[in-house]
Amino acid sequence: NQVCRAYAFLLTHSGIPSIFWSDWSDRGGEVKKQLKALCQVRKSIGVHCTSRVNIAASQGGLYAAYVDGKHGTIAFKMGTNDWSPGGGWTVKASGHEYCVWTKGGK
């Protein structure tokens, strides 16, 4: 569970992320499915190494941020507390204690 949550953060935020081969090949079909969805979100929105990150919440049990890409924006939530970006967003990936919404994209 923590592996997918960590990759959700890495793949939705600015930087140049990578996926360890053993995480891709040895952790089973569900992990691979979640990683594929997160990679697709990153590609669709156009997140890059200098994408702007706006932290919406950072407190015990909750981290939430908006990440601007070339083609749209990601809203990301991680933690046990509730948070939502509001209306007009589409859930593109979710898992144990994380959710990824988008606006725009290819």
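Preceding this section is the structure that the text describes.
Note that this is a predicted model, so its numbers are computed, not measured.

Go over the pattern of salt bridges with me, naming the residues and quoting the values.
Where side chains of opposite charge bring their charged atoms close, a pairing between them can arise. Per the stated rule, a full pass over the model turns up three salt bridges. Salt-bridge contacts for Glu97 lead to Arg5; the nearest nitrogen and oxygen are separated by 2.3 Å. Of the two residues, Glu97 sits in the loop between strand E4 (90-95) and strand E5 (98-104) while Arg5 sits in helix H1 (residues 2-12), which places them 92 residues apart along the sequence. Residue classification places Glu97 among the partly exposed residues on the basis of a relative accessible area of 26%.

Describe the sheet that holds strand E3 (residues 72-78), naming the residues involved and giving the relevant values.
The five strands lie next to each other as E1-E2-E3-E5-E4, forming an open sheet whose pairing is antiparallel. Each having just a single partner strand, strand E1 (53-59) and E4 make up the two edges of the open sheet. Each adjacent strand pair in this sheet contributes to an overall mean axis angle of 10°, direction not counted. Strand direction decides the pairing type here: E3 and E5, joined by seven bridges, are antiparallel. Its bridge partner lying in E5, Ala75 is registered against Trp101. Sitting on the sheet, helix H3 (residues 29-45) touches E3, E4 and E5, and the angle it makes with E5 is about 30°.

I'd love a proper account of the pairing of E1, names of residues and values included.
Direction of pairing for E1 relative to strand E2 (residues 62-68): antiparallel, over a ladder of six bridges. Its bridge partner being in E2, Ser58 is matched across the sheet by Tyr63. Here E1 folds back onto E2 in antiparallel fashion, the turn holding two residues, of which Gly61 has a positive phi close to 85°.

Explain the state of the cysteines residue by residue, including any values.
Per the counting criterion, the structure on display carries zero disulfides. Unpaired in this structure, Cys39 has its nearest cysteine sulfur neighbour in Cys4, at a distance of 11 Å. By relative accessible area, Cys39 is classed as partly exposed at 31%.

Reading guide: rules and limits
- Residues numbered from 1 in each chain as written.
- Predicted model: local features only at pLDDT ≥ 70, side-chain atom pairs only at ≥ 80, totals over all residues.
- Heavy atoms only, no water.
- Salt bridge = Lys/Arg side-chain N within 4 Å of Asp/Glu carboxyl O.
- Helix = DSSP H or I, 4+ residues; strand = E, 2+ residues; numbered from the N terminus.
- Buried < 20%, exposed > 50% of the residue type's maximum accessible area, 1.4 Å probe, protein only.
- Pairing = 2+ DSSP bridges.
- Axes fitted to C-alpha atoms, helices over the stretch in contact; angles between N-to-C directions.
- Contact = heavy atoms within 4.5 Å.
- Disulfide = S-S within 2.5 Å.

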